[in-house]
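Structural description and commentary
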Amino acid sequence: RKEVEQDPGPFNVPEGATVAFNCTYSNSASQSFFWYRQDCRKEPKLLMSVYSSGNEDGRFTAQLNRASQYISLLIRDSKLSDSATYLCVVIPDYGGATNKLIFGTGTLLAVQP
Amino acid sequence: GAVVSQHPSWVICKSGTSVKIECRSLDFQATTMFWYRQFPKQSLMLMATSNEGSKATYEQGVEKDKFLINHASLTLSTLTVTSAHPEDSSFYICSATIPPAYTDTQYFGPGTRLTVL
């Protein structure tokens, strides 16, 4: 089983739509969770951290469900510029101090005009 | 914000040659840098953790004699792909953390696209 699993998509949505991505992780002791955005042939860029209480940044909302080992990202009022691959990222706990990032394969979002 | 650069941004080489990729932290000192590899339509895979002044820590399955990492200063880490072959063609990305080392935020370089003919 992969440490971080995502639906690869693609998700094709019209402008203005609301879209949700899900991600599951296997290491139950994981402590840190993130969503990154990666544009084609570019480096990943941090979109937002994910907390148990949930967090919102403008049109983006991230949620963490520790019991189900599940992370979600909700994008409201999609823009053309939101088209990208969204990467679910986890820092697993291997029992020592580490900040190794484990990336999911990413979910491709294509927002259509 | 913290800026990480990589050089070159792309390189094409013949099979059997060695290629060096540089990763620099431009406005901060990075005691720890990370090297990732990304094949098409796949996720970023951590190759190794590079610590200034000491040997790199390689992930399982990554050949340390093939992927030489040197972190000689607090602002520079290099990855040398020795005797490159077509299967080494990939997108290589470095990242760095601002001390203290065990912080969650990593700043990524723009990546180097390697094509081995």
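Everything numeric here is computed off the predicted structure, so don't read it as measured data.

1. Section: the overall build of chain B
In terms of regular secondary structure, chain B is built from 0 helices and 11 strands. Relative to its length of 117 residues, chain B is compact, with a C-alpha radius of gyration of 13 Å against a globular reference of 13 Å. Dimensions of chain B, computed from C-alpha atoms along their principal axes, come out at roughly 40 × 25 × 25 Å. Of all intrachain contacts in chain B linking residues separated by at least 6 positions in sequence, the fraction that spans at least 24 positions is 55%. Put simply, chain B shows about 5,800 Å² of open surface, and 54% of that area lies on carbon and sulfur atoms. For chain B, the separation between the mean place of its 9 positive charges and that of its 9 negative charges on side chains is 7 Å.

2. Here's the deal with the packing of aromatic side chains
Following the criterion strictly, the structure yields 10 aromatic pairs over all chains and no others. Here the aromatic rings of A:Phe34 and A:Tyr36 are separated by 6.4 Å at their centres, their planes lie at 70°, and the arrangement is edge-to-face. For the residue pair A:Phe34 and A:Tyr36, the accessibility class agrees, reading buried in each case. Three or more aromatic residues joined by ring pairs make a cluster, and in this case those are A:Phe34, A:Tyr36, A:Phe103, B:Tyr36 and B:Phe108. A cation over a ring is seen here: B:Lys66 above B:Phe67, with NZ or CZ 5.9 Å from the ring centre. For B:Arg113, the ring lying beneath its charged end belongs to B:Phe91, and the centroid distance is 4.3 Å.

3. A look at the interface of chain B and chain A
Contacts between chain B and chain A engage 19 residues on the former and 18 residues on the latter. Taken over both partners, the interface formed by chain B and chain A buries close to 1,600 Å², and the fraction arising from carbon and sulfur atoms is 55%. On the surface where chain B and chain A come into contact, there are 1 salt bridge. In this structure, A:Lys100 engages B:Glu59 in a salt bridge whose closest nitrogen and oxygen atoms are separated by 2.9 Å.

4. Here's the deal with the side chain of A:Lys100
Mapped onto the secondary structure, A:Lys100 falls in the loop between β9 (84–91) and β10 (102–103). Of the polar contacts made by the side chain of A:Lys100, one reaches the side chain of B:Glu59; its length is 2.9 Å.

Parameters at a glance
- Residues numbered from 1 in each chain as written.
- Chains lettered and ligands numbered in written order.
- Predicted model: local features only at pLDDT ≥ 70, side-chain atom pairs only at ≥ 80, totals over all residues.
- Heavy atoms only, no water.
- Helix = DSSP H or I, 4+ residues; strand = E, 2+ residues; numbered from the N terminus.
- Rg over C-alpha atoms; globule rule 2.2 N^0.38 Å.
- Contact = heavy atoms within 4.5 Å.
- Areas by Shrake-Rupley, 256 points an atom, 1.4 Å probe, with all protein chains shown as cover.
- Lys, Arg positive; Asp, Glu negative; His and termini not counted.
- Charge placed at Lys NZ, Arg CZ, Asp CG, Glu CD.
- Phe/Tyr/Trp six-rings, centres within 6.5 Å; stacked < 30°, edge-to-face > 60°.
- Buried < 20%, exposed > 50% of the residue type's maximum accessible area, 1.4 Å probe, protein only.
- Lys NZ or Arg CZ within 6 Å of the ring centre and 35° of its normal.
- Buried area = accessible area lost by both parts, 1.4 Å probe.
- Salt bridge = Lys/Arg side-chain N within 4 Å of Asp/Glu carboxyl O.
- Polar contact = N/O pair within 3.5 Å; in protein donor to acceptor, adjacent residues only side chain to side chain.

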